[in-house]
Amino acid sequence: YSFNKAWETGSYIAPNAMPTKMFKKPILDLPKELPTANEIAFSITGGYLIISQDFYNVLSKARLGKTHFSQVQFYDIITQELLTNTPYYFINIAEQREWVDTSISKNISKNPYNPSLPTFYLNSVQNDDIKLVSQARTSEVDIWCDPQFNQSFFMSNRLVNQLVEVGITPEQLELIACEIV
């Protein structure tokens, strides 16, 4: 797998292939200069997920399976200047579980340009619109991706509760509650 393909499919990225430096293009890469101190997660060009130190502190103690991290630093692409000393982490969510029951979930759709693709899109999903199969109740990992959905991930109730205990809210992560059926 190439790095991009591994990321898109939720596959394992070898530690020596994980990024340690991110280069910010003027205006293009991030919606603003850099994330604010209270942002716990953000995506960059390509949909790659970067998390804060606070999120990392909780997540790194969770049941991760093959999911792992690399600490990254942000540099200006032109000047090569380090933009911040704030620690951020690239996360490779490498656990896959096909647990979304697409036949009864609401507000999801196939690719309108190519419905034969095996992926779905989320459309203004609300709490409990996504239905997970019963195996999710006894998950051995706390964070995973479902290969049926691009650029989405799922967390166990256990992990969400740990995040809330340290003051990270579901709203900060834009989490939507799923229902296990």
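Remember, predicted model here, so these are calculated numbers, not experimental data.

Caption draft 1: Broad picture of the overall build of the protein chain. Assigned secondary structure in the protein chain consists of three helices and eleven strands. Each helix and strand of the protein chain, ordered N terminal to C terminal, gives the series α-β-β-β-α-β-β-β-β-β-β-β-α-β. The C-alpha atoms of the protein chain give 17 Å as radius of gyration, which agrees with the globular expectation for 181 residues (16 Å, within 12%). Here the protein chain holds 181 residues, and the buried ones make up 41% of them. Relative to all contacts within the protein chain whose residues are 6 or more apart in sequence, the contacts with residues 24 or more apart total 64%. Computing the positive centroid from 14 side-chain charges and the negative centroid from 19, the protein chain places the two 4 Å apart.

Caption draft 2: Broad picture of the nonpolar core. Judged by nonpolar contacts, the single largest core of 33 residues is most densely connected at I50, L59 and F90. Those elements that place two or more of their residues in this core are α1 (3-9), β3 (49-52), α2 (53-59), β4 (68-76), β5 (88-92) and α3 (157-165). It is β5 that contributes the most residues to this core, four residues altogether. Residues V100, I108, V125 and A136 belong to the second largest nonpolar core, which totals twelve residues.

Caption draft 3: Structural context of the confidence of the model for the protein chain. For the protein chain, the mean per-residue pLDDT works out to 87, and 94% of the residues sit at or above 70. Averaged pLDDT values over the elements of the protein chain bottom out at 75 in α1 and peak at 97 in strand β8 (residues 131-132).

Cut-offs and rules
- Residues numbered from 1 in each chain as written.
- Predicted model: local features only at pLDDT ≥ 70, side-chain atom pairs only at ≥ 80, totals over all residues.
- Heavy atoms only, no water.
- Helix = DSSP H or I, 4+ residues; strand = E, 2+ residues; numbered from the N terminus.
- Rg over C-alpha atoms; globule rule 2.2 N^0.38 Å.
- Buried < 20%, exposed > 50% of the residue type's maximum accessible area, 1.4 Å probe, protein only.
- Contact = heavy atoms within 4.5 Å.
- Lys, Arg positive; Asp, Glu negative; His and termini not counted.
- Charge placed at Lys NZ, Arg CZ, Asp CG, Glu CD.
- Core = buried A, V, L, I, M, F, W, Y, C linked by side-chain atoms within 4.5 Å.
- pLDDT = per-residue confidence, 0-100.

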